Amino acid sequence: MSVEKTFVMIKPDALRRNISGVVVAYFEEEGLEVAAQKMVQLTSERAAEFYAEHKERPFFPTLVKNITEGPVIPIVLKGENAISKAREVIGATNPAEAAEGTIRGDLGESLDFNTVHGSDSPQSAEREISFFFAQDEILK
């Protein structure tokens, strides 16, 4: 077991429904700690940069549009095996396929409005954390 950090982002659809605290509680109930958190509004340019790996995918324009429709809450979580644990808590990308008891299974509205983004590897966690946070903004 190793303590690691991961990145999650509460999406505009969750903020629109005032459930950001509920989303954070799912992670905390599984023993993950919030090491950094803030609220930001992404521009289309910043959103395109964040999701650059999907630029050639047909869903890219919708992804950028949806993530910029309102503020987001980027979060750094830390804990034992934080990356895999957070992915389990989040659930499958499509809420219709996500297990009950996961964030997307319980709170996701649709594939386009699935409440939360989460890093899927140590490399993406490092990149996504540094995209939103300076090192001095992250509690050790």
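Quick caveat: nothing in here was measured; it's all calculated off a predicted structure.

The rules behind these values
- Residues numbered from 1 in each chain as written.
- Predicted model: local features only at pLDDT ≥ 70, side-chain atom pairs only at ≥ 80, totals over all residues.
- Heavy atoms only, no water.
- Helix = DSSP H or I, 4+ residues; strand = E, 2+ residues; numbered from the N terminus.
- Rg over C-alpha atoms; globule rule 2.2 N^0.38 Å.
- Buried < 20%, exposed > 50% of the residue type's maximum accessible area, 1.4 Å probe, protein only.
- Contact = heavy atoms within 4.5 Å.
- Arc of directions from axis to C-beta.
- UniProt positions renumbered as here; feature names shortened; annotations may be inferred.
- Salt bridge = Lys/Arg side-chain N within 4 Å of Asp/Glu carboxyl O.

1. Here we look at the overall build of the protein chain
Then, number 1: Check the secondary structure of the protein chain and you find seven helices and four strands.
Then, number 2: Radius of gyration (C-alpha) of the protein chain: 14 Å, near the 14 Å computed for a compact globule of 140 residues.
Then, number 3: In terms of its C-alpha atoms, the protein chain occupies a principal-axis envelope of roughly 40 × 35 × 25 Å.
Then, number 4: Counting all 140 residues of the protein chain, 47% fall into the buried class.
Then, number 5: Once local pairs closer than 6 in sequence are excluded, the contacts in the protein chain between residues at least 24 apart make up 77%.

2. Considerations on helix α7 (residues 122-132)
Then, number 1: Those residues of α7 that sit buried are S124, A125, E128, I129, F131 and F132. The buried residues of α7 occupy an angular sector of 155 degrees when projected down its axis, which confines them to one face. Exposed and oriented more than 90 degrees from the buried face of α7 are Q123, E126 and S130.
Then, number 2: At its buried positions, α7 is contacted by β1 (3-10), α3 (44-50), β3 (73-80), α5 (82-90) and β4 (116-118).

3. Focus on the UniProt feature "binding site: ATP" (unreviewed entry) in the protein chain
Then, number 1: When the UniProt feature table is mapped to this numbering, "binding site: ATP" (unreviewed entry) covers K11, F59, R87, T93, R104 and N114.
Then, number 2: Judged by its relative accessible area of 10%, K11 falls in the buried class.
Then, number 3: Apart from residues no more than four positions distant in its own chain, K11 is found in contact with Y51, I67, P71, V72, N114, T115, V116 and H117.
Then, number 4: By secondary structure assignment, the location of R104 is in helix α6 (residues 103-107).
Then, number 5: Filtering out sequence-adjacent residues up to four positions away, R104 remains in contact with I90, G91, A92, T93, P95, A98, N114, V116 and H117.

4. Details of the pattern of salt bridges
Then, number 1: A full pass over the atoms with the stated rule returns eight salt bridges.
Then, number 2: Residue D13 is joined to R17 by a salt bridge in which the shortest nitrogen-to-oxygen separation is 3.1 Å.
Then, number 3: With a shortest N-O distance of 3.5 Å, E69 and R16 are connected by a salt bridge. Taken together, the residues E69 in the loop between α4 (60-67) and β3 and R16 in helix α1 (residues 12-16) connect sequence positions 53 residues apart.
Then, number 4: Salt bridges here are not isolated pairs; linked through shared partners, they connect D13, R16, R17, E69 and E109.

5. Some words on the environment of A36
Then, number 1: Tracing the chain through its elements places A36 in strand β2 (residues 33-37).
Then, number 2: On the basis of relative accessible area, A36 is assigned to the buried category, the value being 5%.
Then, number 3: As for A36 and V76, which are separated by 40 residues in sequence, their C-alpha atoms are 5.0 Å apart.

6. Considerations on unusual backbone geometry
Then, number 1: For N18, which is not a glycine, the phi torsion comes out positive at approximately 55 degrees.
Then, number 2: For N18, the position within the fold is in the loop between α1 and α2 (20-29).
Then, number 3: For N18, a relative accessible area of 70% translates into the label exposed.
Then, number 4: For T115, which is not glycine, the phi torsion reads 80 degrees and is therefore positive.
Then, number 5: Positionally, T115 belongs in the loop between α6 and β4.
Then, number 6: With a relative accessible area of 0%, T115 lands in the buried category.

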